[in-house]
Number of protein chains: 2
Amino acid sequence: MERKEISKSVLKRLPGYLAYLKSLPDGSSPNISATALANALGMGEVQVRKDLAMVCDGGRPKIGYPREMLIDAIEQFLGYDNTTDAVLIGAGRLGQALLGYGGFAAYGLNILAAFDANPVSSQTEDGKPIYHMDQLEAYCRSHKIRMGIITVPIQHAQSVCNQLIACGIKAIWNFAPTHLEVPANILVQHENMAMSLAVLSMHLQAQMKK
Amino acid sequence: MERKEISKSVLKRLPGYLAYLKSLPDGSSPNISATALANALGMGEVQVRKDLAMVCDGGRPKIGYPREMLIDAIEQFLGYDNTTDAVLIGAGRLGQALLGYGGFAAYGLNILAAFDANPVSSQTEDGKPIYHMDQLEAYCRSHKIRMGIITVPIQHAQSVCNQLIACGIKAIWNFAPTHLEVPANILVQHENMAMSLAVLSMHLQAQMKK
């Protein structure tokens, strides 16, 4: 189907629908309606209906969507069917945790290797290679890498970001709690877990005072 | 100092300042100005000046802030000095990765134990205990736990959330890609990594077509 314009809030919800649809047991009904999905996830029916209509043409009144078709449509829409190869920069504790987390494969992300300015070993516990930063450019060029994940300390984040861009990277997933300056054709997605923790911690402090 | 009203955008930036300040070598100047901090992080001077003034009274013209005082003030402001004990529900791959990640200690988060509806072992590789969900309430009550981390599949997230609230939890860090309904006094912070990946993947797809 023709791709319609898509908002970030829709992108927030689609992975949730997908996870639910995929979790249904094999013997479930082959069709699912927006209403059933909305009820199962405790969401508004109108919103679910609109979201599904944006990604899949196969919905029929009173029957709903063929479940497998809907799964395929959402996966295709989110790009999960094209596996994206990525490199990760900064093989510290967070970097190693992300490298070791197998769950990204379900989202089409394949972290091929890590790079570090001072690699302490040549591979992770799971056997993924850790190379010196000197090898980054050659690796990215030969493997045609388009996505980079930044898990270095904050003061190195911008220079690592610049290096990734010089190596042909177009999309950056940034776990360093800092803003990155990039050209207009590069997309940076920030994952600020420190901020989340600060927000939660402040809420707890405020609760204690009551 | 009296606590002023704080926006989420300030909370986003403070962990970055803190990480940078703590990364400076021992022999560095004992003082740091907002200008120096802004330059080092590639940020606007006015913004950094305002942010620092919000958390610390100790800034002096032309000298800046005593670095240690500023570190303490930000840590106190963010609640990193009060360690928060938390439980994690869902000892799957993501849950185990978070349990094994030592870096949260720097943010005052201490994940004491994991709980699972079907624990496959009694502890993680790092020796953190994994209990059956039946033990959740007794554990939370006896350890006075106020924070819960949800890493269960989407269709169990709301019921786990309800159980946590029934156990006295006031703040929830939710990694399941779904909205959670909670009473007004409970704060939920969502970490939607699937959404981040979808946004990055879409950007790459759009770039390929050029």
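Refer to the structure printed above.
Keep in mind it's a predicted model, so treat the numbers as computed, not measured.

### Focus: the overall build of chain A
Here comes step 1: Within chain A, the secondary structure is distributed over 8 helices and 8 strands.
Here comes step 2: Along the first, second and third principal axes, the C-alpha atoms of chain A reach 60 × 55 × 35 Å.
Here comes step 3: Within chain A, the fraction of its 210 residues that count as buried is 50%.
Here comes step 4: The contacts in chain A between residues at least 6 apart in sequence include a share of 55% that link residues at least 24 apart.
Here comes step 5: Looking at chain A as shown, the accessible area adds up to about 9900 Å², and 51% of this sits on carbon and sulfur atoms.
Here comes step 6: When the 19 positive and 18 negative side-chain charges of chain A are each reduced to one mean point, those points stand 8 Å apart.

### As for a positive patch on the surface
Here comes step 1: A cluster of basic residues, Lys8 and Lys12 of chain A together with Lys8 and Lys12 of chain B, forms a positive patch at the surface.
Here comes step 2: Within the residue set of the positive patch, elements represented by two or more residues are α1 (8–23) of chain A together with α1 (8–23) of chain B.
Here comes step 3: Looking at the element boundaries, lysine 12 of chain A is found in helix α1.

### Observations concerning a negative patch on the surface
Here comes step 1: On the surface, a cluster of negative charge is contributed by Asp26, Glu68, Asp72 and Asp81 of chain A.
Here comes step 2: Mapped onto the elements of the fold, glutamate 68 of chain A is located in helix α4 (residues 67–78).

### Section: helix α3 (residues 45–55) of chain B
Residues and elements named next belong to chain B.
Here comes step 1: When we look at burial in α3, the residues that qualify are Val48, Asp51, Leu52 and Val55. When α3 is viewed along its axis, its buried side chains cluster within an angular range of 95 degrees and face the same direction. With respect to the buried face of α3, the exposed residues turned more than 90 degrees away are Val46 and Lys50.
Here comes step 2: In the core, the buried residues of α3 are packed alongside α1, α2 (34–41), β2 (65–66) and α4 (67–78).

### Some thoughts on the pairing of strand β7 (residues 171–174) of chain B
All names here are of chain B.
Here comes step 1: Residue alternation in β7 divides its side chains into two sets, Ala171 and Trp173 and Ile172 and Asn174, and both sets are buried.
Here comes step 2: The sheet contact formed by strand β6 (residues 147–150) and β7 spans 4 bridges and is parallel. Of the residues in β7, the one forming a bridge with methionine 147 is alanine 171.
Here comes step 3: With 4 bridges joining them, β7 and strand β8 (residues 187–190) adopt parallel strand pairing.

### Here's the deal with the state of the cysteines
Residue and element names in this part refer to chain B.
Here comes step 1: Taken as a whole and judged by the stated rule, the model has 0 disulfides over all chains.
Here comes step 2: The structure places no disulfide on cysteine 140, whose sulfur is separated from the nearest cysteine sulfur, that of cysteine 167, by 4.7 Å.
Here comes step 3: Cysteine 140 sits in the buried class, given a relative accessible area of 2%.
Here comes step 4: A residue is classified by how much of its surface remains accessible, and cysteine 167, at 6% relative accessible area, is buried.

Definitions and cut-offs
Residues numbered from 1 in each chain as written. Chains lettered and ligands numbered in written order. Predicted model: local features only at pLDDT ≥ 70, side-chain atom pairs only at ≥ 80, totals over all residues. Heavy atoms only, no water. Helix = DSSP H or I, 4+ residues; strand = E, 2+ residues; numbered from the N terminus. Buried < 20%, exposed > 50% of the residue type's maximum accessible area, 1.4 Å probe, protein only. Contact = heavy atoms within 4.5 Å. Areas by Shrake-Rupley, 256 points an atom, 1.4 Å probe, with all protein chains shown as cover. Lys, Arg positive; Asp, Glu negative; His and termini not counted. Charge placed at Lys NZ, Arg CZ, Asp CG, Glu CD. Patch = residues over 30% accessible without salt bridge, like charges linked within 9 Å, V, L, I, M, F, W, Y side chains within 5 Å. Salt bridge = Lys/Arg side-chain N within 4 Å of Asp/Glu carboxyl O. Arc of directions from axis to C-beta. Pairing = 2+ DSSP bridges. Disulfide = S-S within 2.5 Å.

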